[in-house]
Structures are given as structure tokens and as C-alpha cells.
Protein chains: 6
Amino acid sequence: NKEKDETPHAAGVVTGLAWTPVGGEILYVETSLSRGKGNMGLTGNLGDVMKESATLAFEYLKSHSDQLGLEPSVFEKWNVHLHVPEGATPKDGPSAGITMFTALASAFTQRLIKPRLAMTGEITLRGKVLPVGGIKEKILAARRAGIKEIILPADNKKDIEEIKPVYLKGLKIHYVEQMIDVLDLALMGKLASNPLKINY
Amino acid sequence: NKEKDETPHAAGVVTGLAWTPVGGEILYVETSLSRGKGNMGLTGNLGDVMKESATLAFEYLKSHSDQLGLEPSVFEKWNVHLHVPEGATPKDGPSAGITMFTALASAFTQRLIKPRLAMTGEITLRGKVLPVGGIKEKILAARRAGIKEIILPADNKKDIEEIKPVYLKGLKIHYVEQMIDVLDLALMGKLASNPLKINY
Amino acid sequence: NKEKDETPHAAGVVTGLAWTPVGGEILYVETSLSRGKGNMGLTGNLGDVMKESATLAFEYLKSHSDQLGLEPSVFEKWNVHLHVPEGATPKDGPSAGITMFTALASAFTQRLIKPRLAMTGEITLRGKVLPVGGIKEKILAARRAGIKEIILPADNKKDIEEIKPVYLKGLKIHYVEQMIDVLDLALMGKLASNPLKINY
Amino acid sequence: NKEKDETPHAAGVVTGLAWTPVGGEILYVETSLSRGKGNMGLTGNLGDVMKESATLAFEYLKSHSDQLGLEPSVFEKWNVHLHVPEGATPKDGPSAGITMFTALASAFTQRLIKPRLAMTGEITLRGKVLPVGGIKEKILAARRAGIKEIILPADNKKDIEEIKPVYLKGLKIHYVEQMIDVLDLALMGKLASNPLKINY
Amino acid sequence: NKEKDETPHAAGVVTGLAWTPVGGEILYVETSLSRGKGNMGLTGNLGDVMKESATLAFEYLKSHSDQLGLEPSVFEKWNVHLHVPEGATPKDGPSAGITMFTALASAFTQRLIKPRLAMTGEITLRGKVLPVGGIKEKILAARRAGIKEIILPADNKKDIEEIKPVYLKGLKIHYVEQMIDVLDLALMGKLASNPLKINY
Amino acid sequence: NKEKDETPHAAGVVTGLAWTPVGGEILYVETSLSRGKGNMGLTGNLGDVMKESATLAFEYLKSHSDQLGLEPSVFEKWNVHLHVPEGATPKDGPSAGITMFTALASAFTQRLIKPRLAMTGEITLRGKVLPVGGIKEKILAARRAGIKEIILPADNKKDIEEIKPVYLKGLKIHYVEQMIDVLDLALMGKLASNPLKINY
Ligand SMILES: [Ca+2]
Ligand SMILES: [Ca+2]
Ligand SMILES: [Ca+2]
Ligand SMILES: [Ca+2]
Ligand SMILES: [Ca+2]
Ligand SMILES: [Ca+2]
Ligand SMILES: [Ca+2]
Ligand SMILES: [Ca+2]
Ligand SMILES: [Ca+2]
Ligand SMILES: [Ca+2]
Ligand SMILES: [Ca+2]
Ligand SMILES: [Ca+2]
């Protein structure tokens, strides 16, 4: 069943949560690196707001590279591509911001993502995570997919408190105020097998 | 009759399966290389989703070049062009993903494609093959064209099980979960006659 | 409550005041620098007039860099990105001009912005600040957010004089005619912690 | 009378056959070379499908340059421009494919085109010529213009067989399956007077 | 009152006259220089015809740089930006041509503009000034703004002759046939304070 | 009166003839050169077909530079700009082709244009001049403007023969088949005063 979350085997793939008119869904933000000059490509039938989220995530990563132990020059030697399946489904909105940011950070550090973890939240350029909508539907979708931990914006705590506890059973929810805290929760110390040598 | 599959005599041409409102059809994904700086050109009246599939296929190939024995620098020395006849027919959707990926891999390795083989399936950037629609119509079109082997996404197995066995007679169907498995099935060890020297 | 102004902890973030059909609002203009060739990126669902304001602010800064002690060559070594949350809200109009100009000046000098300060005003290329609309609604929003000082165009003084004094209590209002005066009021001598070395 | 075919006096001009709602017409595909970096310019009020035909023709020529004795580097030293008069008439469709391919081959080899020859056919990237529509109307237009030889796709033979022999009198028809066969029929050994030195 | 003309304190700012459905207005054409590669940026909510006027003005200046004592190489070392406040007001039409040309000439020579002078007129690439509309309304707006001298196209003399003398009192009107004559009337020998060293 | 043809005092300005719904008109094609990399800029509210005419004229000139004694390298050292006043009037169609070609040839050779000469005709890339419409109205407009000589496409001779001789009195009409013949008729041996040194 395609709604079951599959732990990614490589760096750069993060599970997000989306709201649709027919309920919540999990989605994957996928990234890959290839040698280049620092460009970012985007695919997945993304609307303008969602494309801007990806741009923001990349800009934030570039201007805070030191916090991740990355040489600024890596952004002149690699291109990154970001895709959100499925290609036939139009997607938009800012709520994949932290998911995109985490995927890019994982790709450039080659650190793996914690399994059975999903997230949702808008990002800003000053590092703050902003609240998003559709929390209840997203939580239900996460459980259906076998997710065990969820990262949410601190300002969405009130939405969780309105959900019946039975629907939250077995889920560990982390609230974040800053983008950098997402990485602490999501990136593992473990590197991808055969990691790319980014700081070459 | 143009519906009969013609074994390509050169690397870079792969037979795909398409769904149309009036039934299934075979189509060819054609590629060619010329010296350049790593750009990809697209023709064939392709819609945005189908263009994104080509971009995805190319990005995946570039970030996994080592698995095919390709020097990363080949992507800085060659341009690739991808065309899907016929020019007057608008085409769209993600289902030509694995066909495009295989065509690009064949062009860059100069390895020939197995004859009488067709395929359909959406690709992702994490290497997974996603299911597509119109399986029954595509199978019928493949048989009409003399196809003997078909590659399908593993998640489309259920669609095949609903087809009467008589319609599947003489067809060998391969199910794949990973994009890399498509290449194992489709690329032959044999090189094109007069192969381009890609790693020059 | 997201309407409470939060003092930025880094250079390059400035609080502005916006008018909307349902009242005034505070907004943040956020900027970040990354190594590059002097390009400016813009996100935040900005309309054409608002994008032109950002262009104007950047051009003015570049042609008056000497007044801020900046080497002209910094604009060939850094890219700047400017974002206005929230991503899902379309924004337009010229009134964020001085806010954008101040954010860029703060980013390139790495000087912090005075806390609890907000501003609104259109900019020009000859350095003059032009009046804007919605003053009353903006003042009310500023107070709700805990703002203590506001910078307004001198030509908006008449709009303030029509507001009942009780609504202005606890607010210090500065009127400016020239863009350069905004920086004198908003930029602090104090540098951001871990300031970027811009003139490297 | 402008419908009379005029033998081109220089390389790079080829006579094609077009279908219009009011009957067949001859058209000229004209090309010229100027020093540059390998770009192709297009004029003549061409629709997207027709522009794609020109792109395909150029890509095929570049990837098969060795078959025409051309150094691959000529495509880095010359720009080519392709025009289809008359400028006020919108044109579209894939049927000028072989005409465009022949015109480009003539320009880059500086070999003249056989006089009183016209052609029509769609091209592909694998070198195959595909059938086109409007054959009867095109044949009538060719005769009116004094054409003596016509190149058609092999798959259009059936359309010719449905035309009354009297309309074909005096016409020699060549059927082609491969694009390379078109050049054998159309390019003369004779060079243009004052040929450009392409392989300089 | 924003309708009062303010003498610019720096080079590159020129007062123009515009016609609107509700009467004449003065407007400012503002320019600034920054180091670059000869590009021109445009802001101010300008329509296509007005943008073309700016392009024309810049092209004329570049091809007649010797008449102003400018090294042609200055156009490879500086970018110029041109803005017409106010940002929220859409503007179009060719009548700001001589105003834009004068502003660019002032910026590149760093010569100041004569105070209390306004102008209107279309420009051409052969140096001729063409007549424009709305002369009466523009004259009235100029007087309201305290303008003392106006430059008009020679072919607009007939429009002035139809205005009652009382409306022209205190105004000196100059008629020009050639663009170069505008500069003689508008540019002062005096340089801006702290002039940019353009021919560095 | 603006309908009187004015002999250009510099190279690069040629008088054309246009048809409009309210009768014929003369128009000027103006060009100027500035140092650059061979780009052509276009202004004058030109439609797509008219822009394509300018592109064609420039391409033809570049590929036949030897016939005009021009070094091919001049097209890598100069930019050319082409303008057709008046800016507020939309213009389109292919009939200004020979006028644009002559203006470009005059600019690059710095040879002056014969006075009181006007022209109209479509151009092609093979050097042939094609017939255009509105001949009668254009002839009348030329006479009103004091034109003494007119260059027309040979295929428009029949249109002249249908005009009453009295309307042609005092006009010398030249018919051309080839673009190169236009230059023989229009370009004078005399250079512009202070000619640009193009082959520097
Ligand atoms: Ca789904
Ligand atoms: Ca998400
Ligand atoms: Ca078909
Ligand atoms: Ca397929
Ligand atoms: Ca808000
Ligand atoms: Ca503001
Ligand atoms: Ca015709
Ligand atoms: Ca044809
Ligand atoms: Ca105003
Ligand atoms: Ca004006
Ligand atoms: Ca006129
Ligand atoms: Ca003309």
C-alpha cells in the first residue's frame, strides 16, 4: 500500500505531511546532488508558493552552512535537484518548508534521516518555523502510514490539544520554534552508505 | 503498419506504452548525443509533467553515474536530446518515466536495448518505480505491436491479475520496484555498432 | 500570538507595517546573504510593485554604499535574498520600501535593528521617502504587536494628526524625508553576534 | 507567378510541400550560416510543432555529422538561421521535417540541391521518416510549380496509389524510410559557387 | 504639497510632464549608477512603450557618447537604473523620452540639471524630437508646481499658440527639434557635489 | 508637417512605406551602433512578424558581409539597435523588410542613403524580394511626402500598372528581384560625416 511510509535508504529523502480536499496524506521530498555550479532544480508539479519554499530552504541552508559543518564552496560545486512525487498531482502551499529544508540538509551532509518520522511547517528566512493548517488530517494520515514521530511548529500545539487523545496514541510529537531544531531531531549521526564526498 | 514495434538499430531508443482516450499505443523515446555542456533538449509536443519526467530521469542518471560506469565529466561534455514522435500529437503524464530513464542510460553507455521489449512506469528521485494507469489498454497495444516482454511497476501487479490470461499469452511480464532494476532487464551487454566514445 | 513583534536576533530582519482589507498588520522583511555575484532573490508571494520596491532599495544601496562604509565590491561577492512571510499570502504595493531598504542595509553592514521599531514608506531613487496609505490601521496594528517606535514619511504627518491621541499613547513617531534618515534611526551601532565578514 | 518553383542558386534552400485549408502549396525552407557558437535561429511565423521539427533536424545533423564528412567542431563555430517565407502566413505541423533537415545539410556541406525537386515528411531522432497528410493536394501543387521529382515517406505510398495516374504524369516519386536516404537523393556533388569554408 | 517641483540635489533626476485622465502632472525621472556591465534596470510600473523610450534614450546616449565627452568604455563599467515614482501608478506612452534621455545624460556626465525646468517630448534614434499630446494640461501642471522653464518639441508650438496668454505668464518655453538641443538647455556646467568618477 | 520626408543626415536611416486602415504613410527605419557583442535591439511597438523581418535582415547581412566589404568580425564588436517611430503606434507585417535591410547595411557601411527615396518589400533568406500589399495607398503617401524615387518588388509591377498615370507623375519607380539590388539603388558612395570606424 503506497500510504505506508518507507524508510529511505539514502540521504536526502524526508517524509512530509500534506493536506488535500479529501484528507491528509504523506508525501516524500526527494533530493539528489550532481556536480554543477550551485543551481537548484525543482520537479513534481509544484505551485509557485511551494517553489518559493524550496528557494527559501536552499537560501537558509547556504547562509547557515557553518552550523552544519559545510564549506560555503560546496554550493559552487554541486547542483541539487528536489522532487515531490507523484508527478501528476499538482501541489502547492508553504507547509512543506521544514521538510524541504531537512531534505536539503540531509543531502549536503549525507546524514540519514531518522526512520518513521514525518514533519510539516512553514519556514522563514530568519529561522523561525510558522504554523500550518490541516493538522488533524495530517496526524491521521501519519498514523495510517506507520509514522511514529512527528515534528510540528510550536504554534500548532493548540491544534493538537483539540484532537482526541485516542488518535494520538503511539505518536511522539515534537514542537519546534526554530528551523535548526528540526535538524537536531531529524538528522542522524549515521551517514548514508557510500556517502558522496561533498567537501572534496 | 506503424503499430508494429521496430527493434532499434542504435543505442538510445526505447519502446514505451501509452494510454490514450481511444486505447493503448506504443511510443518510442528517442535520444541522441552531441558535444556540448550537459544540456538536455526536449521535443515531441510534451506537456509539463512529461517534461518533468525527462528532467528527473536525467538528474537520477547524473547522480548515479557510478553505477553505470560513467565518468561524471561526461555530463559536461555532451548534450542530450530526447524526442517522442509523433510531433503533432500532444503527450503528457508521468508514465514514460522509466522509458526515458532507460533511453538516456542506453545513450550514455551506448549499450543496445533488448528487442521486442516495452515498458511503462513513473520514476522518482529516490529510485523507486511508481504505479501508473491504463495497464489493460497498454498490454493490448503491446501485443498488437509484437512485443514479447514488458516491464511494469511492482505496484501494478494487481492490474495484471485482473486481466483474462488469454490476453497475456506470449507476453513475459517483469515487475520492478527500483529504477536500477529496469536497466538490468533492458540494457544488453552488446554495444551499438560504431558506438560513440563517451568517456573520451 | 503571532501578532506580537519579536525582536530579531540577527542582522537583516526589519518590522514593517501593512494595510489589508481587514485592518493593519505587522510584517517582517527578512534578508540573508550567501556568496555569489551580486544577485537579489525575492520570495513571499510578492506582486510586481513590491518586487520593484526591493529592486529600488537594492539599487539605492549599491549607489550609496560609501555612506554606509561598504566597499562597492561587496556587491560582486555576495548574493542577497529577501523574503516576506507568510508564503501563502499575496502582498503588493510600494509601502514596504523603507523596510526593505533598512533590511538590506542591516544585512550588508551586519548592524542590528533597534528593537520594538516598525516602519512604512515608499522609496525613490533620489533618496526621498514618499507618503503611503492606511496609516491609522497600521498604527493600531503596531500597538497590538507591542511596537514602541514608528518611522513614517514626513508627508504622512497629517494622517497622524487626525488620529485620537489615546490611540497613539506609548508610541514614539519619527518622521523622515530622506531614506538615509531611516538608517540613522533604525540601525544600531551593535553588530550581530557572529557577524559575517562582508568586506573580506 | 510565385507558385513556380525556382531553382535555388545557393546551398541551403530546399523546396517543400505544404497542405493548407485551400489546397496544397510549395514552400521554401531557407537557411544561412554566420559565424557564431552553434545557435539556430528560426523565423517565418512558425508554430511550436514546426519549430520542434527544426530543432530535431539540427540535433540529428549534429549527432550524425560524421556521415556527412563534417567536423563536430563546425557546430561550435557557426550559427545557422532557418526561415520559411512568407512572413505573414502562420505555419505549423511536422511535415516540413525532411525539408528542414535537407536544407541544414546543404548549408553545412555547401552542396547544392537537385533542381525541380520537392519533398515532404516528418522526421524522428532515430532517423526514420514518418508519413504525413495531404498527399494529394501536395502532389497537385508540385505539378503546378513545375516540380519533376518528389521525395515522400515510404508509408505514404498507399496515398499515391489512390491518386489517378493522370495527375502523376511527368512526376518521379521517391519513397524513403530513412532520413539519410533523403540526402542521397537531394544533395548534388556540386558545391555552391563561392562555397563557405565550413571546416576552417 | 507633493505637486511642488523640488530641485534635485544630485545628478540624474529630471522633471517631466505627464498627461492623465484627470489632468496634467509633473513626474520625476530618477537614475542612479552602480558598477556593472552596462545593463539598464527599469522600475516605476512602466508600460511597454515607456520602457522602449528608456531603451531608445540609452541607445542614443551610447552611440553619441563622444558628443558628451564620455569614453565608450563607461558603458561597460557601470549599470544604470531608471525609476519613475510613484510605484503604485501605472505609466505608459512615449512622451517621457526627452526627460529620460536628459536624466541618463546627467547621470553619466554628473552634471546637474537646471532648477525649475520641466520637459516633455518623444525621442527617435535619429535624434529628432517628436510632438506629444496633452500640452495644455501639462502646462497647467507645470505652473502649479512652480516650474519656470519648459522644453517642448518644435512641432508642439501650434498647441501653445492655442492657449490663452494668461496661462503662460511667467513661463519660458523652449522649442527643440533635436535631442542634443535639450541637453544644451537642461544640463548645467556645474557638477553634482561629490560627483562619481565615471571615466575611471 | 510630419508627413514630409526629411533627408537623413546620418547613415542608418531609411524611409519606408506602410499601409494602414486609413491610408498609406511613410515611416522611418532608424538604426544606431554601439560597441557590443553583435546583438540587435528592437523598439517601436513592433509585432512579431515585423520583428522577424528585422532578424532576417540582420542574418542576411551577416551571411553576405563580404559583398559589402565588411569584416565578419564587425558583428562581434558592435551592437545594433533598430527603431521605427512613432512609439505609441503598433506596427506589424513583413513589408518593411527591404527598408530594414537597407538601414542595417547603411549603418554598418556608414554610407548615406539617397535622398527622397522610399521603399517597401518583404525579404527572404535566399535574397529574393517578395511582393507586398497596399501599393496604391503607399504611392499616394510617398508623393504627399515629397518622395521622388520608390523601390518596389518586381512582382508588384502589376499593381502599379493599375494606377492612373497622373498619380505616378514625378515618381521614378525601380523594380527589384534581389535584395542586393536594393542596396545598389539606395546606398550612396558618400559616407556619413564623421563616420564610425566600423572595421577598427
Ligand atoms: Ca498519493
Ligand atoms: Ca510537509
Ligand atoms: Ca500513433
Ligand atoms: Ca511508457
Ligand atoms: Ca498574519
Ligand atoms: Ca512597510
Ligand atoms: Ca503562397
Ligand atoms: Ca514539406
Ligand atoms: Ca502624483
Ligand atoms: Ca515628459
Ligand atoms: Ca504618422
Ligand atoms: Ca516599407
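Heads up: the structure comes first, above all this text.
Residues numbered from 1 in each chain as written. Chains lettered and ligands numbered in written order. Predicted model: local features only at pLDDT ≥ 70, side-chain atom pairs only at ≥ 80, totals over all residues. Heavy atoms only, no water.

Asker: How would you summarise the sheet that holds strand S1 (residues 13-20) of chain D if you had to cite specific residues and measurements?
Answerer: Residues and elements named next belong to chain D. Overall, mixed pairing links the 7 strands, which are arranged S3-S4-S2-S1-S6-S9-S10 in an open sheet. The sheet is open, and its two borders are formed by strand S3 (40-43) and strand S10 (172-176), each paired with just one other strand. Strand-to-strand twist of the sheet, defined as the mean angle between neighbouring strand axes without regard to direction, takes the value 30°. Sheet topology places S1 next to strand S6 (residues 117-119); 2 bridges connect them, and they run parallel. Residue pairing in the sheet places Thr15 in a bridge with Ala118 of S6. Each of S3 and strand S4 (78-83) is contacted by helix H1 (residues 48-63), which is oriented at about 150° to S3, the strand it contacts most. Here helix H3 (residues 135-144) sits on the sheet in contact with S1, strand S2 (23-35), strand S9 (149-153) and S10, set at roughly 75° to S2. (Pairing = 2+ DSSP bridges. Helix = DSSP H or I, 4+ residues; strand = E, 2+ residues; numbered from the N terminus. Axes fitted to C-alpha atoms, helices over the stretch in contact; angles between N-to-C directions. Contact = heavy atoms within 4.5 Å.)

Asker: Tell me about the coordination of the calcium ion (ligand 6), and name the residues and values.
Answerer: Protein ligation of the calcium ion (ligand 6) involves Leu17 of chain C (O), Ser95 of chain C (O), Thr99 of chain C (OG1) and Met119 of chain C (O), the donor distances falling in the range 3.1 to 3.2 Å. Take Ser95 of chain C: its relative accessible area is 18%, and that puts it in the buried class. (Donors = N, O, S within 2.8 Å, 3.2 Å for Na, K, Ca; no water. Buried < 20%, exposed > 50% of the residue type's maximum accessible area, 1.4 Å probe, protein only.)

Asker: Quick one: what's the story with the relation of the copies chain C and chain A, residue by residue and with numbers?
Answerer: Mapping chain C onto chain A leaves a residual RMSD of 0.0 Å; the transformation is a rotation of 60° accompanied by 0.0 Å of translation along its axis. The two molecules are tied by a six-fold rotation axis, judged by turn and shift. Ranked by how close their C-alpha atoms come to the rotation axis, the residues of chain C are headed by Lys37 of chain C, at 12 Å. (Least-squares fit on C-alpha atoms with pLDDT ≥ 70 in both.)

Asker: Give me the lowdown on the interface of chain A and chain B, citing residues and values where you can.
Answerer: Each partner contributes residues to the interface: chain A has 20 residues there, and chain B has 17 residues. Summing both partners gives a buried area of about 1500 Å² for chain A against chain B, and 60% of it is carried by carbon and sulfur. On inspection of chain A and its partner chain B, the count reaches 1 salt bridge. When the shortest N-O distance is used, the salt bridge between Arg126 of chain B and Glu30 of chain A registers 2.2 Å. Contributing elements (two or more residues each) for the side of chain A that touches chain B: strand S2 (23-35), strand S3 (40-43) and strand S4 (78-83) of chain A. Among the elements that line the side of chain A that touches chain B, the one with the most residues is S2 of chain A, at 7 residues. Grouping the constituent residues of the side of chain A that touches chain B by class yields 7 nonpolar, 9 polar and 4 charged. (Buried area = accessible area lost by both parts, 1.4 Å probe. Salt bridge = Lys/Arg side-chain N within 4 Å of Asp/Glu carboxyl O. Nonpolar A, V, L, I, M, F, W, Y, C, P; charged D, E, K, R; others polar.)

Asker: Can you break down the coordination of the calcium ion (ligand 4) residue by residue, with the values?
Answerer: Residues and elements named next belong to chain B. Each protein donor to the calcium ion (ligand 4) is listed here as Leu17 (O), Ser95 (O), Thr99 (OG1) and Met119 (O); together their distances run 3.1 to 3.2 Å. When the donors of the calcium ion (ligand 4) are listed by position in the chain, the intervening gaps give L-x77-S-x3-T-x19-M. Of the two residues, Thr99 sits in helix H2 (residues 97-109) while Met119 sits in strand S6 (residues 117-119), which places them 20 residues apart along the sequence. An identical accessibility class is assigned to Thr99 and Met119; each is buried.

Asker: How would you summarise the pattern of salt bridges if you had to cite specific residues and measurements?
Answerer: Residues and elements named next belong to chain C. Scanning the entire structure with this criterion turns up 24 salt bridges over all chains. Two residues, Glu149 and Lys114, come together in a salt bridge whose shortest N-O distance is 3.1 Å. Here Glu149 is found in strand S9 (residues 149-153), whereas its partner Lys114 is found in the loop between strand S5 (111-113) and strand S6 (117-119), with 35 residues between them in sequence. Under the relative-accessibility criterion, Glu149 is labelled buried at 15%. The exposure class assigned to Lys114 is partly exposed, which follows from its relative accessible area of 27%.

Asker: Got a sec to walk through the packing of aromatic side chains? Specific residues and values, please.
Answerer: All names here are of chain C. Taken as a whole and assessed by the stated rule, the structure comprises 24 aromatic pairs over all chains. Ring centres 6.2 Å apart and planes at 20° place the aromatic pair Phe58 and Phe108 in the stacked group. Here the residue Phe58 occupies a position in helix H1 (residues 48-63), and Phe108 occupies one in helix H2 (residues 97-109), the gap between them amounting to 50 residues. For Phe108, a relative accessible area of 1% translates into the label buried. (Phe/Tyr/Trp six-rings, centres within 6.5 Å; stacked < 30°, edge-to-face > 60°.)

Asker: Any details on the packing of H1 of chain D against helix H2 (residues 97-109) of chain D? Residues and values, ideally.
Answerer: All names here are of chain D. Taken N-terminus to C-terminus, the directions of H1 and H2 make an angle of 45°; their axes are 9 Å apart at the nearest point. When the axes of H1 and H2 are compared, the pair comes out oblique. Handedness of the H1/H2 crossing: right-handed. Contact residues: Met50, Ser53, Ala54, Ala57, Phe58, Tyr60 and Leu61 in H1; Gly97, Met100, Phe101, Leu104, Ala105 and Phe108 in H2. Residue composition of the contact of H1 with H2, by class: 11 nonpolar, 2 polar and no charged. (Parallel < 35°, antiparallel > 145°, perpendicular 65-115°, else oblique. Left-handed = near helix turned anticlockwise from the far one by under 90°.)

Asker: Quick one: what's the story with the interface of chain C and chain A, residue by residue and with numbers?
Answerer: When the parts come together, some accessible area is lost, and that loss is often what is quoted as the size of the interface. Contacts between the two partners involve 20 residues from chain C, matched on the other side by 17 residues from chain A. A combined buried area of about 1500 Å² lies between chain C and chain A, and 59% of that area is made up of carbon and sulfur atoms. Of all residues in chain C, the largest losses of buried area upon contact with chain A belong to Glu30, Arg35 and His81 of chain C, amounting jointly to 26% of the total for that side. Along the contact surface separating chain C from chain A lie 1 salt bridge. Here chain C is connected to chain A by 5 residue pairs in polar contact (both at pLDDT 80 or more). Top element by residues in the side of chain C that touches chain A is strand S2 (residues 23-35) of chain C. It accounts for 7 residues. Class assignment for the residues of the side of chain C that touches chain A results in 7 nonpolar, 9 polar and 4 charged. (Polar contact = N/O pair within 3.5 Å; in protein donor to acceptor, adjacent residues only side chain to side chain.)

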